[in-house]
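Residue-level listing of the chains:
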Amino acid sequence: MLTVFDHPLIKHKLTIMRKKETGTKDFRQNLDEIGGLMVYEVTRDLPLNEIPIETPLCQTIGYEMAKDVVIVPILRAGLGVVNGIQNLIPTARIAHIGMYRDEETLEPHPYFEKYPSNMDEAAVIIVDPMLATGGSSVAAIDMVKKQGATSIKLVCLVGAPEGVKVVEEAHPDVDIYLASLDDHLNEKGYIVPGLGDAGDRIFGTK
Ligand code: PRP
Ligand code: URA
């Protein structure tokens, strides 16, 4: 299932990120804030356990999360989404998938992976600001499935229709969340209107 957020705060902050004059500090800050706003909806269906508790007044039933949450950033740019989510789920574990997209072939090249031991039981949230051709997202989902993950969500900021289709066809069981579904990919595989190279804008590189 694809969810595209329709929220004024997200639209406002994403517009700041899209502007070419926005510098690294503001780009990162708005990415952080959008991550935090998206997590409320992304985690809406997480299972809970009922637990007996005592308030200062009486005994009652409370709730605690039934599953561990594992956030999986696709390096590098995915790192920029972690903080906003982790602020709201401070117990989340952070896995890492290192991957770069070949600028000529647009094929993803994984170079690193590191996971906690309970991927099969966890609620796994893969994060990356950009879903362009979908190659990186599909490869990352393949990798977490190899680790036994069955509850997987993909959270990106900006997606292209072409890439969303690729991910939906390869992994129909994975819910996709976007702050914006943009218009198309250009001939270099960049999302249009997009926001440029997310990794470079987050880390101030070129
Ligand atoms: C970007 C982006 C995604 C990928 C999307 O990363 O952060 O991971 O490209 O493209 P795709 O959908 O066509 O696979 P990049 O490889 O540029 O690395 P970076 O995060 O180090 O900038
Ligand atoms: N990666 C980016 O950082 N931006 C795009 O538009 C596409 C892939």
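Residues numbered from 1 in each chain as written. Chains lettered and ligands numbered in written order. Predicted model: local features only at pLDDT ≥ 70, side-chain atom pairs only at ≥ 80, totals over all residues. Heavy atoms only, no water.

- The name an unreviewed UniProt entry gives the protein is Uracil phosphoribosyltransferase, with Faecalitalea cylindroides as the organism.
- Of the protein, the UniProt comment under Pathway (unreviewed entry) reads exactly: "Pyrimidine metabolism; UMP biosynthesis via salvage pathway; UMP from uracil: step 1/1." (UniProt positions renumbered as here; feature names shortened; annotations may be inferred.)

**A look at the pattern of salt bridges**
Part 1: Within the structure shown, the criterion is met by eleven salt bridges.
Part 2: The partner of Glu33 in a salt bridge is Lys13, and the shortest N-O contact between them spans 2.7 Å. Taken together, the positions of Glu33 in helix α2 (residues 24-42) and Lys13 in helix α1 (residues 8-18) put the pair 20 residues apart, joining distant regions of the chain.
Part 3: By relative accessible area, Lys13 is classed as buried at 15%.
Part 4: Of the charged contacts in the structure, one is a salt bridge between Lys145 and Asp173, with a shortest N-O distance of 2.9 Å. Highlighted residues: Lys145 in helix α4 (residues 135-146) and Asp173 in the loop between α5 (161-170) and β10 (175-181), separated in sequence by 28 residues.
Part 5: Exposure remark for Lys145: the relative accessible area of 28% places this residue in the partly exposed category. (Salt bridge = Lys/Arg side-chain N within 4 Å of Asp/Glu carboxyl O. Helix = DSSP H or I, 4+ residues; strand = E, 2+ residues; numbered from the N terminus. Buried < 20%, exposed > 50% of the residue type's maximum accessible area, 1.4 Å probe, protein only.)

**Overview of the packing of aromatic side chains**
Part 1: For the coordinates displayed, the defined rule picks out two aromatic pairs.
Part 2: For the pair Phe5 and Tyr177, a centre-to-centre distance of 6.3 Å together with 35° between the ring planes defines the contact as tilted. Highlighted residues: Phe5 in the loop between β1 (2-4) and α1 and Tyr177 in strand β10, separated in sequence by 172 residues.
Part 3: Taking the relative accessible area as the measure of exposure, Tyr177 reaches 4% and is therefore buried. (Phe/Tyr/Trp six-rings, centres within 6.5 Å; stacked < 30°, edge-to-face > 60°.)

**Here we look at the site of ligand 2**
Part 1: The full set of residues close to ligand 2 is Arg101, Met130, Ala132, Gly189, Tyr190, Ile191, Gly196, Asp197 and Ala198.
Part 2: Taking Ile191, its main chain carries an N or O atom lying 2.8 Å from an oxygen atom of ligand 2.
Part 3: Protein contacts shield 89% of the accessible area of ligand 2, which totals 240 Å² for the unbound molecule.
Part 4: Here the shell around ligand 2 is composed, by residue class, of five nonpolar, two polar and two charged. (Near = heavy atom within 4 Å. Polar contact = N/O pair within 3.5 Å; in protein donor to acceptor, adjacent residues only side chain to side chain. Areas by Shrake-Rupley, 256 points an atom, 1.4 Å probe, with all protein chains shown as cover. Nonpolar A, V, L, I, M, F, W, Y, C, P; charged D, E, K, R; others polar.)

**Re unusual backbone geometry**
Part 1: Backbone torsion omega between Leu75 and Arg76 reads -5°, so that peptide bond is classified as cis.
Part 2: Cis geometry is found at the peptide bond from Val192 to Pro193, where omega equals 5°.
Part 3: Along the chain, Pro193 turns up in the loop between β12 (191-192) and α6 (198-203).

**Points about the UniProt feature "binding site: 5-phospho-alpha-D-ribose 1-diphosphate" (unreviewed entry) in the protein**
Part 1: This chain's UniProt record puts "binding site: 5-phospho-alpha-D-ribose 1-diphosphate" (unreviewed entry) on Arg76, Arg101, Asp128, Pro129, Met130, Leu131, Ala132, Thr133, Gly134, Gly135, Ser136 and Asp197.
Part 2: Tracing the chain through its elements places Pro129 in strand β8 (residues 123-131).
Part 3: For Pro129, a relative accessible area of 2% corresponds to the buried category.
Part 4: Along the chain, Thr133 falls in the loop between β8 and α4.
Part 5: Only 3.1 Å separates the side chain of Thr133 from the backbone nitrogen of Gly135, close enough to count as a polar contact.

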